[in-house]
Amino acid sequence: MAIQIKTLEELKIMRRAGLLVGQTLDLLRQSIKVGMRTDALDAIAAANIKRGGGTSNFLGYHGYPATICISVNDEIVHGIPGDRIIEDGDVVSIDCGAIIEGWHGDAAFSYGVGSVDPEDQKMMDVCEESMWRGFAAAKLGGRLTDISHAIGSYIDSQGKYGILAEYGGHGIGTEMHQEPHVLNFGKPGNGPELVAGMALAIEPMITRGSAKTHVLSDDWTVVSNDQSRGAHFENSFVLLPDGKPFVLTAIDGGRAKLATLGIEVSDLLA
Ligand code: MF3
Ligand code: CO
């Protein structure tokens, strides 16, 4: 299937889905506490998506049993909520999505609970910053791997991190996962041309050790082979006809963060 190009009217609905995802993740970040079960956070997400008039795109996706993915420490992505208790110093990654009127949003963050190891914090900061550098690298007439290169080269410049190769970002629209696949590393200047109305979920996944991972017997949880801890940040964004980006799943559209990288966000979806 070709890359789905969205109209401004469609993107305004996608923004509603994205904003609900951003608000839900904000609520989850504030709710994470030592001693809490991970499925309590899933219940908070489910209730908030319902309250906001959305439905979950994770629940039932290829049989996925929950509203969020919650991945702790050496679990990098796709962890299933359950009776696991959150402990002091844990690195908790939460991924969540929602659908409004058929349009999808998808986003994720990592958060260090309580007394966080400074090296874990640095890994999370590097992962998050690489995502923003990816958005900043997206220009009309540029190429998809300009984004991949911005993410990967920033991570590599910050230390010895493993960048997962089997997982990456993706197009998003009337389905959560669309073409194109977006690698989190590689040479710039390759892949499809970046055009207005192209919406992408950008999601770097890194570890403090090896990039090699395997899936647990629950068929979902992706863990690092060397038990190193990982981080995952994700936002869905779009390039608009004015040549500017807009981060659909960020509450402020990415305005504050992208300003620090010299990028103005579009007003076209306001
Ligand atoms: N949000 C994840 C991604 O970006 C997808 C999770 S699918 C689920 O690719 F089924 F695990 F929810
Ligand atoms: Co995604």
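Coordinates for the structure precede this section.
The structure displayed is predicted, hence computed values, not measured ones. (Residues numbered from 1 in each chain as written. Chains lettered and ligands numbered in written order. Predicted model: local features only at pLDDT ≥ 70, side-chain atom pairs only at ≥ 80, totals over all residues. Heavy atoms only, no water.)

J.: Would you mind showing me how to read the coordination of the cobalt ion (ligand 2) here?
T.: The textbook angles at a metal center are 109.5 degrees for a tetrahedron of four donors and 90 or 180 degrees for an octahedron of six. With distances of 2.0 to 2.2 Å, the protein atoms coordinating the cobalt ion (ligand 2) are Asp-106 (OD), His-170 (NE2), Glu-203 (OE) and Glu-234 (OE). Taken in sequence order, the residues that donate to the cobalt ion (ligand 2) follow the motif D-x63-H-x32-E-x30-E. Of this pair, Asp-106 sits in strand β4 (residues 103-112) while His-170 sits in strand β6 (residues 169-171), placing them 64 residues apart in sequence. On the accessibility criterion, His-170 (4% relative accessible area) is buried. (Donors = N, O, S within 2.8 Å, 3.2 Å for Na, K, Ca; no water. Helix = DSSP H or I, 4+ residues; strand = E, 2+ residues; numbered from the N terminus. Buried < 20%, exposed > 50% of the residue type's maximum accessible area, 1.4 Å probe, protein only.)

J.: Where do I start with the nonpolar core in this structure?
T.: Nonpolar side chains in soluble globular proteins generally cluster together in the buried interior. With 54 residues, the main nonpolar core has Leu-41, Ile-94, Ile-147, Ile-202, Ile-206 and Phe-237 as its most contacted residues. Ranked by residue count, the leading element in this core is helix α3 (residues 118-136), at 8 residues. Aside from chain neighbours lying at most four places away, what touches Leu-41 is Leu-28, Ser-31, Ile-32, Met-36, Ile-68, Ile-70, Ile-86 and Ile-94. Leu-11, Ile-172, Ala-199 and Val-238 belong to the second largest nonpolar core, which has 11 residues in total. (Core = buried A, V, L, I, M, F, W, Y, C linked by side-chain atoms within 4.5 Å. Contact = heavy atoms within 4.5 Å.)

J.: How do you make sense of the site of ligand 1 when you look at a structure like this?
T.: Around ligand 1 lies a shell formed by Phe-58, Tyr-61, Tyr-64, Cys-69, His-78, Asp-95, Asp-106, His-170, His-177, Glu-203, Trp-220 and Glu-234. Asp-95 places a side-chain nitrogen or oxygen 2.9 Å from a nitrogen atom of ligand 1. The separation between an oxygen atom of ligand 1 and a polar side-chain atom of Glu-234 is 3.2 Å. For ligand 1, whose unbound accessible area comes to 330 Å², protein coverage reaches 96%. Of all the cavities here, the one that holds ligand 1 is the largest pocket. (Near = heavy atom within 4 Å. Polar contact = N/O pair within 3.5 Å; in protein donor to acceptor, adjacent residues only side chain to side chain. Areas by Shrake-Rupley, 256 points an atom, 1.4 Å probe, with all protein chains shown as cover. 1 Å grid on protein atoms, 1.4 Å probe; cavity = no way out; pocket = protein on both sides within 12 Å on 5 of 7 lines; lining within 4 Å. Sits in = over half its atoms within 2 Å of the grid points.)

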